[in-house]
Amino acid sequence: MRLRSIPPSAWIGMAGIALAFVAALFAPVLAPYGEREIVGAVWEPMGPEHWLGTDNLGRDLLSRLIFGAQTTLFVALAASILSFAIGICLSFVAAVTRGIVDQGLSRLNDLMMSIPTLIFALVVLAALPQKLWILILVMAILDSTRVFRLGRAVAVDIAVMDFVEAARLRGEGTIWIIFREILPNALSPLLAEFGLRFAFAVLFLSTLSFLGLGIQPPQADWGGMVKDNSDGIIFGVPAALIPGGAIAALAVCVNIVVDWLLHRTSSLKGGRDG
Amino acid sequence: MADLLEVRDLKIGAHAYEEDGSRREIEIVKGISFDLEKGRVLGLIGESGAGKSTIGLAALAYGRGGVTITGGQVRLDGEDILALSPRGIGRVRGARVCYVAQSAAAAFNPAHKLGDQVIEGTLRHGIMSKSEARARAAELFGILGLPDPETFGNRYPHQVSGGQLQRAMTAMALCPRPDLIVFDEPTTALDVTTQIDVLAAIKRAIEETGTAALYITHDLAVVAQVADDIMVLRHGETVEYGPTRQIIEAPEEGYTRALVDVRTTSKPAATDQSGALLRLEGISASYGSGPQVLTDVSLHVPRGQTLAIVGESGSGKSTLARVITGLLPQSAGTVTFDGETLPPRLAQRSKDQLRQIQLIYQMADTAVNPRHTVAQIIGRPLRFYHGMRGKARRERVQELLDQIEMGQGFADRYPAELSGGQKQRVAIARALAAGPELILCDEPTSALDPLVAEGILSLLMRLQKETGVSYVFITHDIAIVRAIADSVAVMLNGRLQRFGPRDEALSPPFDDYTDLLLKSVPEMKEGWLEEALSSRRIASGGQ
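Since this is a predicted model, take the numbers as computed values, not measurements.

Rules and cut-offs
Residues numbered from 1 in each chain as written. Chains lettered and ligands numbered in written order. Predicted model: local features only at pLDDT ≥ 70, side-chain atom pairs only at ≥ 80, totals over all residues. Heavy atoms only, no water. Domains from an automatic or database assignment. Contact = heavy atoms within 4.5 Å. Buried area = accessible area lost by both parts, 1.4 Å probe. Salt bridge = Lys/Arg side-chain N within 4 Å of Asp/Glu carboxyl O. Polar contact = N/O pair within 3.5 Å; in protein donor to acceptor, adjacent residues only side chain to side chain. Helix = DSSP H or I, 4+ residues; strand = E, 2+ residues; numbered from the N terminus. Nonpolar A, V, L, I, M, F, W, Y, C, P; charged D, E, K, R; others polar. UniProt positions renumbered as here; feature names shortened; annotations may be inferred. Pairing = 2+ DSSP bridges. Axes fitted to C-alpha atoms, helices over the stretch in contact; angles between N-to-C directions. Parallel < 35°, antiparallel > 145°, perpendicular 65-115°, else oblique. Left-handed = near helix turned anticlockwise from the far one by under 90°. Buried < 20%, exposed > 50% of the residue type's maximum accessible area, 1.4 Å probe, protein only. Expected span 1.5 Å × (residues − 1). Bend = angle between axes of the 7 residues up to and from the residue. Core = buried A, V, L, I, M, F, W, Y, C linked by side-chain atoms within 4.5 Å.

Undergrad: Is there a simple way to think about the domain arrangement of chain B in this case?
TA: Often the size quoted for an interface is simply the accessible area lost on bringing the parts together. All names here are of chain B. Entries for chain B in the domain assignment read domain 1 (5–260) and domain 2 (304–332 + 343–507). Spacing between the C-alpha centres of domain 1 and domain 2 amounts to 35 Å. Contact with domain 1, which involves 10 residues of that partner, is made by 8 residues of domain 2. Considering only the side of domain 1, the residues that lose the most area to domain 2 are Glu47, Asp191 and His218, jointly responsible for 51% of the buried surface there. Joining domain 1 to domain 2, the criterion identifies 0 salt bridges. On inspection of domain 1 and its partner domain 2, the count reaches 1 residue pair in polar contact (both at pLDDT 80 or more). Of all the secondary structure elements, the ones that give two or more residues to the side of domain 1 that touches domain 2 are helix 7 (192–209) and helix 10 (254–260). It is helix 10 that contributes the most residues to the side of domain 1 that touches domain 2, 3 residues altogether. The residue makeup of the side of domain 1 that touches domain 2, split by class, is 4 nonpolar, 3 polar and 3 charged.

See below:
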């Protein structure tokens, strides 16, 4: 891969993601104030003192945005990766073995999908202790139903190709067929889905925080910050738009990079459309 | 008489993408010129990539998928159609120039009746009223020899056969009384026994309607039956252009001669055909609870020899291969390999039994994993069956690459970076890597150009000589059977029609079906079509 062949849009996307990660990793160093420190009046406008102004309790918005990146990125990323791991494994097993295993997994998946995600999450999270890993696990399992749907559809298409049959004829086991024959060919649509699901995970996390079941205050997260400052909109205070904009920008950046990866993998190594 | 179609110095360009993603202009048609008079047929012939379809579409002033016409003129009745506005071109396409595609099944909308689709273009151009168009369509269905011409249009595409669909498409093209029709490989996807009917129907329709035609194909024997003139193309350039008789009887260029005498591989059939490596006895099989696909098939393959299985699509020849490999367990009968009975199911067979029987597919594109390099593809059986690793495996891969005549520099390439013939060679190397006793070849050459296919055939024959491997060669091409088989099995509707040593199986007395099959294979001479059809009519009692 040559650096020159990367289009400018991908550079912008990667820069955006890198910025978010740097903010998350070095939050204590970068943030001008503490995460929970009240440093001024409520909803102060932008100025040299507070670059992005202050929030509904008088905390520095920029500092909270930087600290919020930590929670938001970590939870959304962990939940997305976990949901893909679960979804891909189960869906590929279903697609390769077919028969009763496929029926069982697919109907179970339908059952999960038929319950509205948010209500499901509310019930489960209200019943379980409020721990970060439980939150991540619940988000991941709920999201994995969507990944399962897509993964199974893609894998069924690939599983009927001659090269998969050739592998079966050779006597290869299911693990080899799933991870070495099918997965590399299913990567393009799954990567695209990953970009989308990551963005949704950020939004879902903020919804949960809004309802009081996600990240608990005073810990900062972008979705929670939108909620905290949303009342300000009525008074013409734009504080809620800043974390909202950060969520949007991150989602766009992730999708730009995924788009480019998709194009690259399909054009170089002979994807079905290249 | 003025020419209907004049093509002058036609140049067509396309974009190619380099490995680093940069774009490059390439010329795929490099200054082609020809004339076509009213009522004449010009055959365009060449391998894939020769630019023949692109030229055909240029007669409709159309460039497909990123292809642009960069220079030259296409004059229809003296008018340069390349210079027309989009509206002007719209008036030409589907009215004065029509197109018949290779795959009629993909060209018809399955949700609409055939009759409505056949007259759609004619109505759209306002050439005829609906009732006139319907009458015209019925008349054309009659000329094309379709059953019940009056009511044929009421059927849906899935209710008719592939050959009938192809004829319906020809009717669609003829309906608006065009001056010119472009036929793009109209019979390539059909069985030989169907091809001859469609070919005859097209020829009669062209004669009776007096339209001119461009006939594109890669099969010289087919085009010799319908074309008045032939243009041989290669890499976007004219190799030879002349009357049909001259091209097939006295070709001037070396490349044309190669196309005419394409079949150079041949070997005498083995005389001793006792001692079976593979023996099938009373094999019957079906898919799920569906109808029986194979009924009571018994045959054997001697060690180191080639058995050719011929038949049309749907005759069960590929199903037979699936039974032998264990992908489809038989419902009755036994498969014996090297003296031991093979378990019907793939899962019950031992690794060594799996190793001894390998399969080569028709479509090399889908038979090799597009995300694995050549070294990974060929190296996997070495690791899997023989436990080879690291340097030893690397060296063996190179040895195999040398054996399939590909040599250095291919090991790290992906299949997308190989040509069709090279992909098929890699698939052969993968089969060889296992060290098999028997290789099942399921139409390994039918998706390839004649000269490339010839290379694959001679490679297979050489490998047989070197390694003593046996082949079961599934094909619909009688010429291949004549060239390489030791014994022949003819299949029809899942039953074995004929089985025996080649020279015996392919000489009279024939059963009806084998006779029909042999007579349907196009021969490279003028007038073959008429001869074949008349002898067929005599055989079937003048019906």
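Undergrad: Got a minute to help me understand the UniProt feature "domain: ABC transporter" (unreviewed entry) in chain B in this structure?
TA: The feature "domain: ABC transporter" (unreviewed entry), as annotated in UniProt, sits at residues 5–260 and 278–518 of chain B in this numbering. In the segment residues 278–518 of chain B, helix accounts for 40% and strand for 25%; the C-alpha atoms at its two ends are 27 Å apart.

Undergrad: What exactly am I supposed to notice about the UniProt feature "transmembrane region" (unreviewed entry) in chain A here?
TA: Listed under "transmembrane region" (unreviewed entry) in the UniProt record, and renumbered for this structure, are residues 12–31, 73–97, 117–142, 194–213 and 233–262 of chain A. The distance separating the terminal C-alpha atoms of residues 12–31 of chain A is 23 Å; by composition the span is 90% helix and 0% strand.

Undergrad: Whenever I open this one, the sheet that holds strand 18 (residues 470–475) of chain B confuses me. Can you help?
TA: Strand pairing in a sheet relies on backbone hydrogen bonds. The paired strands run either parallel or antiparallel. All names here are of chain B. Taking strand neighbours across the sheet as the criterion, the 6 strands line up as 16-17-18-13-19-20 in an open arrangement whose pairing is mixed. Single-partner strands in this sheet number two, and they are strand 16 (357–360) and strand 20 (495–501). With strand direction ignored, the average angle separating the axes of adjacent strands in the sheet is 15 degrees. In the sheet, strand 19 (residues 487–492) pairs with strand 20 via 6 bridges, with the strands oriented antiparallel. Opposite leucine 492, over in strand 20, you have arginine 495 as the bridge partner. Together, strand 13 (306–310), strand 16, strand 17 (438–442) and strand 18 form the strand contacts of helix 17 (residues 450–467), whose direction differs from that of strand 18 by roughly 160 degrees. This element, helix 20 (residues 512–519), spans strand 19 and strand 20 of the sheet and lies at about 105 degrees to strand 19.

Undergrad: Just to check I follow, could you spell out the packing of helix 1 (residues 8–25) of chain A against helix 3 (residues 61–97) of chain A for this structure?
TA: When two helices pack together, their arrangement is given by the angle between the helix axes and the distance between those axes. Residue and element names in this part refer to chain A. For the pair helix 1 and helix 3, the least separation of the axes is 7 Å and the interaxial angle reads 110 degrees. Taken together, the axes of helix 1 and helix 3 are roughly perpendicular relative to one another. The handedness of the crossing between helix 1 and helix 3 comes out as left-handed. Within the contact between the two elements, helix 1 uses Ala20, Phe21, Ala23 and Ala24 and helix 3 uses Ile66, Ala69, Gln70, Leu73 and Leu77. Here the residues of the contact of helix 1 with helix 3 sort into 8 nonpolar, 1 polar and no charged.

Undergrad: Explanation requested: the pattern of salt bridges in the structure shown.
TA: A pair can form between side chains of opposite charge whenever their charged atoms are brought close. One pass over the structure, following the stated rule, counts 40 salt bridges over all chains. Of the charged contacts in the structure, one is a salt bridge between A:Glu181 and A:Arg170, with a shortest N-O distance of 3.4 Å. With A:Glu181 in helix 8 (residues 174–210) and A:Arg170 in helix 7 (residues 162–170), this residue pair connects regions lying 11 residues apart in the sequence. In terms of burial, A:Glu181 and A:Arg170 fall into one category: buried. Within the structure, one salt-bridge network assembled from shared partners comprises A:Arg170, A:Glu172, A:Glu181 and B:Arg380.

Undergrad: Teacher, can you tell me more about the interface of chain B and chain A here?
TA: Listed per partner, the contact involves 25 residues of chain B and 24 residues of chain A. Between chain B and chain A, the buried area comes to about 2300 Å², and carbon and sulfur atoms account for 55% of it. Taken as a group, B:Tyr361, B:Arg371 and B:Arg380 account for 29% of the area that chain B buries against chain A, more than any other trio of residues on that side. Remark: the boundary between chain B and chain A carries 2 salt bridges. Remark: the boundary between chain B and chain A carries 11 residue pairs in polar contact (both at pLDDT 80 or more). When residues of the side of chain B that touches chain A are traced back to their parent elements, those giving at least two are helix 11 (317–325), helix 13 (364–367) and helix 14 (374–386) of chain B. Looking at the side of chain B that touches chain A, the element that brings in the most residues is helix 14 of chain B, giving 5 residues.

Undergrad: What should I look at first to understand the environment of A:Thr54 in this one?
TA: Residues and elements named next belong to chain A. Looking at the element boundaries, threonine 54 is found in the loop between helix 2 (27–30) and helix 3. On the basis of relative accessibility, which here comes to 1%, the residue threonine 54 falls in the buried class. Residues threonine 54 and glutamine 216, 162 residues apart in the sequence, show an inter-C-alpha distance of 20 Å. Once residues within four sequence positions are removed from consideration, threonine 54 is found in contact with Ala41, Val42, Trp43, Glu44, Arg59, Asp60, Leu61 and Ala239. At a separation of 3.3 Å, a polar atom in the side chain of threonine 54 contacts the main-chain amide nitrogen of tryptophan 43. Among the polar contacts listed, one links the side chain of threonine 54 to the backbone nitrogen of glutamate 44, at a separation of 2.7 Å.

Undergrad: What exactly am I supposed to notice about helix 3 of chain A here?
TA: Across its 37 residues, helix 3 of chain A extends 52 Å between first and last C-alpha, which sits within 8% of the 54 Å expected from 1.5 Å per residue. The largest bend in helix 3 of chain A is about 30 degrees, located at A:Gly68.

Undergrad: Even after reading the chapter, I still don't get the nonpolar core, so can you show me in this structure?
TA: One broad trend across soluble globular proteins is that nonpolar side chains are buried collectively. By size, the foremost hydrophobic cluster in this structure holds 57 residues, and its most contacted members are B:Phe108, B:Phe183, B:Tyr215, B:Leu220 and B:Ile230. Sort the elements by how many residues they give to this core and helix 7 of chain B lands first, with 8 residues. Listed in part, the 45 residues of the second largest apolar core include A:Val75, A:Ala79, A:Val202 and A:Val254.

Undergrad: I keep staring at the packing of helix 4 (residues 114–124) of chain B against helix 6 (residues 162–174) of chain B and nothing clicks. Help me out?
TA: Residue and element names in this part refer to chain B. Where helix 4 meets helix 6, the axes come as close as 8 Å, and the angle between the chain directions of the two elements is 30 degrees. By the angle between their directions, the pair helix 4 and helix 6 is classed as roughly parallel. Mapping the contact onto sequence places Leu114, Gln117 and Val118 in helix 4 and Leu165, Ala168, Ala171 and Met172 in helix 6. Here the residues of the contact of helix 4 with helix 6 sort into 6 nonpolar, 1 polar and no charged.

Undergrad: Sorry, what's going on with the sheet that holds strand 14 (residues 332–337) of chain B here?
TA: All names here are of chain B. In space, the 4 strands of this open sheet follow the order 12-11-14-15, with antiparallel pairing throughout. Whereas interior strands pair on both sides, the edge strands pair on one side only; in this sheet they are strand 12 (292–302) and strand 15 (340–341). Looking at chain direction, strand 11 (residues 276–286) and strand 12 are connected through 7 bridges and run antiparallel. Counterpart to isoleucine 283 in the pairing with strand 12 is valine 297. Packed on one face of the sheet, helix 11 meets strand 11, strand 12 and strand 14 and runs near 65 degrees to strand 12.

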